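So the chains spell out like this:
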Amino acid sequence: MTSVDSVAPSAKEIPRASDALAIEARDLAKTYSGGVEALRGVSFSVRAGEVFGLLGPNGAGKSTAVKILTTLSEPTGGSASVFGFDVVRDAREVRRRIGCVAQASGVDFAATGRENLELQGRLFRIPAQELKRRVDELLELFALADAAHRPSRTYSGGMKRRLDVAMGLVHRPEVLFLDEPTTGLDPESRAVLWREVRRLASGGLTLLLTTHYLEEADQLADRLAIVDQGRIVAEGTPDGLKSKLAGDRISLQLVESAKSAEARQLLGGLPGVTGVLADAGRAERVYAHVIDGPRELPTVLGALERAGIAVAGVALTRPSLDDVYLNATGHAYQES
Amino acid sequence: MEFLRDTWILFLRLVRATMRMPVFIILSIAQPILWVAMFGALFRSVVQIPGFGATSYVQFLAPGVAIMTALFGAAHSGMGMLVDIERGVLDRLLATPAARGSIIAARLLNSGVQVFIQAGLIVGVAMLLGAKAQGGVGGILLVMLAASLLGAAVAAFSNAVALLARRQETVIAVMNFVILPATFTSSMLMSANLMPAWVQRAANVNPVNWAIVAARDGFEGTAPHELATRLALLAAFALVCGLFATGSFGRYRRAM
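Here goes a summary of the coordinates provided. Model, not experiment: these values are computed from the prediction.

**Some remarks on the packing of aromatic side chains**
For the structure shown, the criterion picks out 9 aromatic pairs over all chains. Relative to Tyr57 of chain B, the ring of Phe52 of chain B lies with its centre 6.2 Å away and its plane at 55°, an arrangement referred to as tilted. For the residue pair Phe52 of chain B and Tyr57 of chain B, the accessibility class agrees, reading buried in each case. Between Phe52 of chain B and Phe60 of chain B, the ring centres sit 4.8 Å apart and the planes meet at 70°, which makes this aromatic pair edge-to-face. Given a relative accessible area of 2%, Phe52 of chain B falls into the buried group. For Phe60 of chain B, a relative accessible area of 8% puts it in the buried group. Through a chain of ring-to-ring contacts, three or more aromatic side chains come together here, namely Phe39, Phe43, Phe52, Tyr57 and Phe60 of chain B. Positioned over the ring face of Tyr213 of chain A is Arg190 of chain A, at 4.1 Å from the centre of the ring. Cation over ring: Arg216 of chain B sits above Phe60 of chain B, and NZ or CZ is 3.7 Å from the ring centre.

Shown next as structure tokens:
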């Protein structure tokens, strides 16, 4: 791992990947012409060699951030740089250094797997001999060698995604952007892709990945930022974020949502309870953070019973990113 | 240089995709041939109208149908761009160091080449039906060139609409809105001598008509100076359309 406080290199100077900030976003904002604010001031930095995750529900602004960082979209506020090159002013220098795997694929269905890879390589000006070797190598690596000569429209979802990732890697980029890489994949293909991401990361490649799967961010990212409604609401390592929420969570489902406020007040007054939250979207769901779950559970349920607040369901869980998200945004995470 | 190289690389991608669509190729060849045969038969007696100014309708029609094919064929170029947008292929290309203009130029070249070949076939069929290339082989090449230039310009316009609207329905509506008026304010099917005065005035500023008159002059081997002027105007028009389409990437980028 590199040091946290390394300085971004000045533009026009190609830095060594190991001692630099790979990506820096400063107050990025994007308001579309219709008035929709996709990003409302997002700042984060990614160190070279790191796997950084942007986690958030659909519509949080993750893809917009990726589009700005990959020069496809222009921010309406703030700035961003990749290895010191400004994504607006030095867009071409940025493009030379990045690989993109967008949400909307990018595979040309009419072309074969090999042709898709070769087109990328040519546009990145890789000499013919070297390109041939590189394409063979990637086809082998991503288990596409047997299908290399087939039009990619005949590929399965998992194969298309693998080809997508391979296309992002042809020119040996210094940063790879993966926008929702496993959305729509079956569990097996997802596992294959996770393995691939880990392998790339261990090879020293900087990765920025967006996902709306909590588990994916937890499993893959060295550090992550939780994005909600165009803002970053929490940032840190998955473990660091979770350890801030010491203790356990008691999730309660009340029979009547009208009793939500009363229940929260009651639970907040109990000595073992460190925090109480209600789901902003569904008031009948009340969450109590407790230091020692198994010990406090009977107390909590007893108190509710004495107050005449009926409980329809209860669960006791260790803190997860779900809690981090709930804590930061005030509403429960919905993976959809 | 990089621009030309990228244009060529991207053009080859489009050609390869075309070569894998045998039905498209067969119909692209059959359609203009059918048009010459059908329009030729339908309008055969039109030349007998006093003042039409031509003796054989096939002779009159061949350059016009060559340009018509360019107009109708190239109008769909933007649909390919839309498919690239939807599949994410365009974004992937835009994230490479390739010159923006080359993405447009490749599509213009593709339309231009397709139309060039079609125009040659049309002239060939017309000659089998009795038309005579008074302008010789050079004249035939001029017909093909005029068709390519118009095809490139129309393709550029179609791509610009695709980038700005990013909707199939809009591209189809805009192109249909443009194509038919452009066809009927030209001497494609009807001699300029017989047009109402206002249509003649419209025809004078209609690039489709420039292409038709240039192609006809080439085929007949007449008015070389006016022909050169019209081809230059067409080339300039194609360039303006191409720059407009390339400029549309800026708008696309802001809308992303």
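**Here we look at the sheet that holds strand E5 (residues 85-86) of chain A**
Residues and elements named next belong to chain A. An order of E2-E1-E4-E5 is seen for the 4 strands of this open sheet, with the pairing classed as antiparallel. Because the sheet does not close on itself, it has two edges, and the strands there are strand E2 (37-47) and E5. One ladder, built from 8 bridges, connects strand E1 (residues 21-31) with E2; its direction is antiparallel. Across the sheet, Glu24 pairs through a bridge with Ser45, a residue of E2. The sheet strands contacting helix H1 (residues 62-69) are E1, E2 and strand E4 (77-82), and the helix crosses E2 at an angle near 60°.

**So, helix H8 (residues 168-184) of chain B**
The end-to-end C-alpha separation of H8 of chain B is 25 Å, in line with the 24 Å expected for 17 residues at 1.5 Å each. Where H8 of chain B is buried, its residues meet helix H3 (57-74), helix H4 (77-87), helix H7 (136-165) and helix H10 (207-220) of chain B.

**Remarks on the sheet that holds strand E11 (residues 248-254) of chain A**
Strand pairing in a sheet relies on backbone hydrogen bonds, with the paired strands running either antiparallel or parallel. Residue and element names in this part refer to chain A. The strand order E12-E13-E11-E14 describes an open sheet built from 4 strands, whose pairing is antiparallel. Two strands close off the open sheet at either side, each with one partner strand: strand E12 (273-278) and strand E14 (311-317). When the angles between neighbouring strand axes are averaged without regard to direction, this sheet yields 20°. One ladder, built from 6 bridges, connects E11 with strand E13 (residues 285-290); its direction is antiparallel. Across the sheet, Arg249 pairs through a bridge with His289, a residue of E13. Along the sheet, helix H10 (residues 293-306) makes contact with E11, E12, E13 and E14, crossing E11 at roughly 25°.

**Thoughts on the pattern of salt bridges**
All names here are of chain A. For the coordinates displayed, the defined rule picks out 32 salt bridges over all chains. Between Arg26 and Glu24 there is a salt bridge; the shortest N-O distance is 2.9 Å. Given the relative accessible area of 21%, Glu24 is considered partly exposed. Note that Arg134 and Glu137 form a salt bridge whose closest N and O atoms lie 3.3 Å from each other. Taken together, the residues span about one helical turn, with Arg134 and Glu137 both in helix H4 (residues 128-141) at a distance of 3 residues. Through salt bridges with shared partners, a single ionic network connects Arg47, Glu50, Arg223 and Glu235.

Basis of the calculations
Residues numbered from 1 in each chain as written. Chains lettered and ligands numbered in written order. Predicted model: local features only at pLDDT ≥ 70, side-chain atom pairs only at ≥ 80, totals over all residues. Heavy atoms only, no water. Phe/Tyr/Trp six-rings, centres within 6.5 Å; stacked < 30°, edge-to-face > 60°. Buried < 20%, exposed > 50% of the residue type's maximum accessible area, 1.4 Å probe, protein only. Lys NZ or Arg CZ within 6 Å of the ring centre and 35° of its normal. Pairing = 2+ DSSP bridges. Helix = DSSP H or I, 4+ residues; strand = E, 2+ residues; numbered from the N terminus. Contact = heavy atoms within 4.5 Å. Axes fitted to C-alpha atoms, helices over the stretch in contact; angles between N-to-C directions. Expected span 1.5 Å × (residues − 1). Salt bridge = Lys/Arg side-chain N within 4 Å of Asp/Glu carboxyl O.

Read these as geometric descriptors, not functional statements.
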